[in-house]
Amino acid sequence: MADRAPFLPENDYRDTWCGGVLDDLVGKKVRVAGWVNRRRDHGGLVFIDLRDRTGIVQLVFDPADSSEYFELGHALRPEWVLSAEGEVVRRDPETVNPEIGTGEFEVRVSGARILSEAETPPFEIEGFRSEVGEEARLRHRYLDLRRPVMQEAIEIRHRLVTEMRSFLDGEGFLEIETPVLTRSTPEGARDFLVPSRLHQGSFFALPQSPQLFKQMLMVAGFERYFQIARCFRDEDLRADRQPDFTQLDIEMSFVGIEDVISLNERLMAHVLSEMGVEVEIPFPRISHDEAIARFGTDRPDMRFGHEVIDLTEVLRGTEFKAFGGVIEGGGAVVGINFGPRELPRAQLDGLIEEAKELGAKGLVWAYCEDGGWRAPIAKFLSDDEQAGLNQALGASEGDLMLVAADSPPVAAGILGGLRTRLAERWDLIPETGDSLVWVIDWPMFERDERTDRWIALHHPFTSPAGELDPDDPGSARALAYDLVWNGVELGGGSIRISDPDLQKEVFAIIGIDEEEAADRFGFLLEALRYGAPPHGGIAYGVDRFAALLAGFDSIRDVIAFPKTASGNDPLTGAPSPVEEPQLRELGLTRGGAARTKPADG
């Protein structure tokens with residue numbers, strides 16, 4: 001990080017970054033400051049590795065230079081804060097440390113002072129992050145963030161956001177803040193609610209996204225808006241979820257899908273290039289239905305093959321009931337050829353259990369052998385069926401095939417889930433190359449089996465591609481698009497509804513009648529009546545984007561102060577109970593029931 005060292009004013013603490021002690025300073029006197037990373041006492045000499053955010057430099061305390069400071073060097077311990085000055089010299093060739101940028105140089109200390117002592121940390125700062133449990137890391141996050149790997153991750157996040165801002169500013173976008181305290185308009189996840197002291201019994205909500213406000217900014221005529229927005233969702237957490245998260249929010253007026261996609265491809269090419277990743281534009285596109293059919297997911301990783309193949313027609317009329325019954329019921333049989341891969345029976349049985357975890361009733365494994373199948377079910381399939389399956393799957397001698405049967409999206413999803421899991425386990429992903437792809441032509445609605453109602457697949461403010469048929473919502477397509485990078489959704493967006501009557505029609509399909517629409521979204525419907533331009537946009541998960549760039553599986557590693565997977569903050573102890581006087585002031589009781597003031601109060 002030394003090449004990105006910022007300007008440093010000279011003062012009594014330091015005039016040089018630790019990572020900046022390089023060839024041009026040899027023979028010169030410098031003053032550095034930072035934390036003691038390591039101390040090595042060789043009897044006649046004391047060596048200190050001093051660390052700041054730009055890197056590490058070796059200090060040498062030699063009694064020949066100064067006996068007073070040599071004794072100070074003896075007293076130093078890890079994580080003490082130190083300021084030292086001395087001459088920069090080259091190390092002897094046999095002592096050069098090639099692991100650090102300053103490894104050819106050292107500072108011969110002629111003056112030093114201890115700025116702060118430190119207790120022994122609960123874990124080694126210089127150790128790799130995985131050597132320490134996450135609970136301990138988050139409990140002492142200020143220490144965890146001292147690790148170079150964590151500081152680099154936070155710097156990557158900073159650079160990512162800086163390049164986003166720089167590009168959009170150059171494209172004429174205005175960064176506009178939208179409210180953090182707003183009205184509860186649930187968008188699929190639970191809102192975080194904030195009780196109002198002045199209006200007891202009423203609540204603000206923390207925004208799940210700035211969606212409605214950015215649409216009203218388009219009505220207001222700003223035409224090109226963006227925001228690095230803080231968003232909040234009270235939902236179950238995973239490695240890529242936090243209750244509070246950050247997104248890059250973009251909205252544009254007088255645009256169609258092609259305009260939004262074109263700008264965002266240039267945005268991605270610029271940002272990734274600045275972060276050391278070169279990509280070519282335009283990015284390929286794939287329809288939602290094709291992504292499901294070929295990869296079993298709407299977030300396809302297209303860096304490698306082993307795609308899902310539909311075997312339904314090959315097996316239509318089969319006497320094997322497990323397949324035939326599914327096909328007669330309108331389902332599908334699908335398979336993946338994973339190439340030559342001989343596995344012991346225990347591992348094959350393990351794949352069946354993994355498929356069940358993904359929702360399968362079962363899974364069939366088979367090997368191509370002598371033009372037919374070697375599989376537990378081979379005796380139930382005719383020779384012609386086995387040969388047809390091998391041909392459809394492109395199987396050669398010794399290839400392992402996995403087959404599932406269910407409704408078409410479920411069967412494809414099961415094998416798609418296995419494809420993703422097995423890609424890393426079996427080293428199927430090329431070491432180089434990136435895959436950025438647009439997933440387009442989304443269904444407008446999907447049926448929620450739990451409530452037996454139609455729900456918007458993106459969100460209810462997405463414009464349909466053409467007229468809606470209230471009697472057949474499932475046939476409607478949406479003007480929506482997601483950008484997927486190496487199998488991870490970076491962002492998603494759509495062209496929005498700018499006609500208030502069409503917006504009411506969409507609300508009605510998802511079960512929001514006019515009265516409820518007026519109550520929950522009346523302010524948006526009113527705004528749309530005052531001349532709304534055609535508009536659309538996109539939002540990117542900044543945390544997820546930064547984690548991918550930094551090479552981390554969890555977004556918690558690129559957030560300075562994240563919550564645990566259970567939604568707690570071990571550092572501060574949040575969430576925590578509050579005092580009774582605070583509750584009474586808000587008109588609340590310890591049990592959570594609201595107590596409202598009288599109407600005249």
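Calculation rules
- Residues numbered from 1 in each chain as written.
- Predicted model: local features only at pLDDT ≥ 70, side-chain atom pairs only at ≥ 80, totals over all residues.
- Heavy atoms only, no water.
- Helix = DSSP H or I, 4+ residues; strand = E, 2+ residues; numbered from the N terminus.
- Buried < 20%, exposed > 50% of the residue type's maximum accessible area, 1.4 Å probe, protein only.
- Contact = heavy atoms within 4.5 Å.
- Areas by Shrake-Rupley, 256 points an atom, 1.4 Å probe, with all protein chains shown as cover.
- Lys, Arg positive; Asp, Glu negative; His and termini not counted.
- Charge placed at Lys NZ, Arg CZ, Asp CG, Glu CD.
- 1 Å grid on protein atoms, 1.4 Å probe; cavity = no way out; pocket = protein on both sides within 12 Å on 5 of 7 lines; lining within 4 Å.
- Points joined across faces, edges and corners; volume = space filled by probe spheres on them.
- Nonpolar A, V, L, I, M, F, W, Y, C, P; charged D, E, K, R; others polar.
- Core = buried A, V, L, I, M, F, W, Y, C linked by side-chain atoms within 4.5 Å.
- Pairing = 2+ DSSP bridges.
- Axes fitted to C-alpha atoms, helices over the stretch in contact; angles between N-to-C directions.
- Polar contact = N/O pair within 3.5 Å; in protein donor to acceptor, adjacent residues only side chain to side chain.

1. Some remarks on the overall build of the chain
Consideration 1: Counting secondary structure elements, the chain contains 16 helices and 22 strands.
Consideration 2: C-alpha extents for the chain along the principal axes are approximately 90 × 85 × 50 Å.
Consideration 3: Looking at the chain as a whole, 47% of its 601 residues are labelled buried.
Consideration 4: Considering only residue pairs separated by 6 or more positions, the chain has 67% of its internal contacts joining residues 24 or more positions apart.
Consideration 5: By element, 48% of the accessible surface of the chain is carried by carbon and sulfur atoms, the whole surface being about 29400 Å².
Consideration 6: In the chain, 64 side chains carry a positive charge and 106 a negative one; their mean positions are 5 Å apart.

2. Regarding the layout of surface pockets
Consideration 1: Here the second largest pocket defines a volume of roughly 770 Å³.
Consideration 2: Asp49, Ile56, Asn97, Glu99 and Ile100 are the residues nearest the centre of the second largest pocket, which is lined by 40 residues in total.
Consideration 3: Of all the secondary-structure elements, those providing two or more residues to the lining of the second largest pocket are strand E1 (29–41), strand E2 (46–52), strand E3 (55–61), strand E5 (105–116) and helix H4 (148–170).
Consideration 4: Per-class residue counts for the lining of the second largest pocket are 12 nonpolar, 11 polar and 17 charged.

3. Examining the nonpolar core
Consideration 1: Ranked by internal contacts, the top residues of the largest apolar core, which has 42 residues, are Leu248, Ile250, Tyr540, Phe545 and Leu549.
Consideration 2: Not counting chain neighbours up to four residues away, the residues in contact with Leu248 comprise Met164, Leu168, Phe226, Gln227, Ile228, Leu267, Ile538, Ala539, Tyr540 and Val542.
Consideration 3: Core analysis: the second largest hydrophobic core is formed by 28 residues, Ile292, Phe304, Ile352 and Trp426 among them.

4. A word on the sheet that holds strand E22 (residues 535–541)
Consideration 1: Read from one edge to the other, the open sheet built from 8 strands follows the order E6-E9-E10-E22-E21-E20-E17-E11, with strand pairing classed as mixed. Looking at strand neighbours, the two that pair on one side only are strand E6 (174–175) and strand E11 (285–287), the edges of this open sheet.
Consideration 2: When strand E21 (residues 488–495) meets E22, the two strands line up antiparallel, connected through 5 bridges. Among the inter-strand pairings, Gly493 is bridged to a residue of E22, identified as Ile538.
Consideration 3: Sitting on the sheet, helix H5 (residues 211–219) is in contact with strand E9 (224–232), strand E10 (244–253) and E22, with an inclination near 25° to E10.
Consideration 4: This element, helix H7 (residues 288–295), spans E11, strand E17 (436–443) and strand E20 (477–485) of the sheet and lies at about 85° to E11.

5. Brief notes about the sheet that holds strand E4 (residues 81–90)
Consideration 1: Strand order in this closed barrel of 5 strands is E1-E2-E3-E5-E4, and the pairing throughout is mixed. This sheet shows a mean twist of 55° between the axes of neighbouring strands, independent of strand direction.
Consideration 2: Here 7 bridges tie E1 to E4, and the two strands are oriented antiparallel to one another. In the strand pairing of E4, Val30 is matched with Gly86.
Consideration 3: In the packing of helix H1 (residues 67–75) onto the sheet, contacts are made with E1, E2, E3, E4 and E5, and the angle to E5 comes to roughly 70°.

6. Focus on the side chain of Arg496
Consideration 1: If you trace the backbone, Arg496 turns up in the loop between E21 and helix H13 (500–509).
Consideration 2: We classify Arg496 as buried; its relative accessible area is 4%.
Consideration 3: Side chain to side chain, Arg496 and His459 meet in a polar contact 3.4 Å long.
Consideration 4: One polar contact links Arg496 to Ser494, side chain to side chain, over a distance of 2.8 Å.

No statement about biological role is implied by the geometric values presented.
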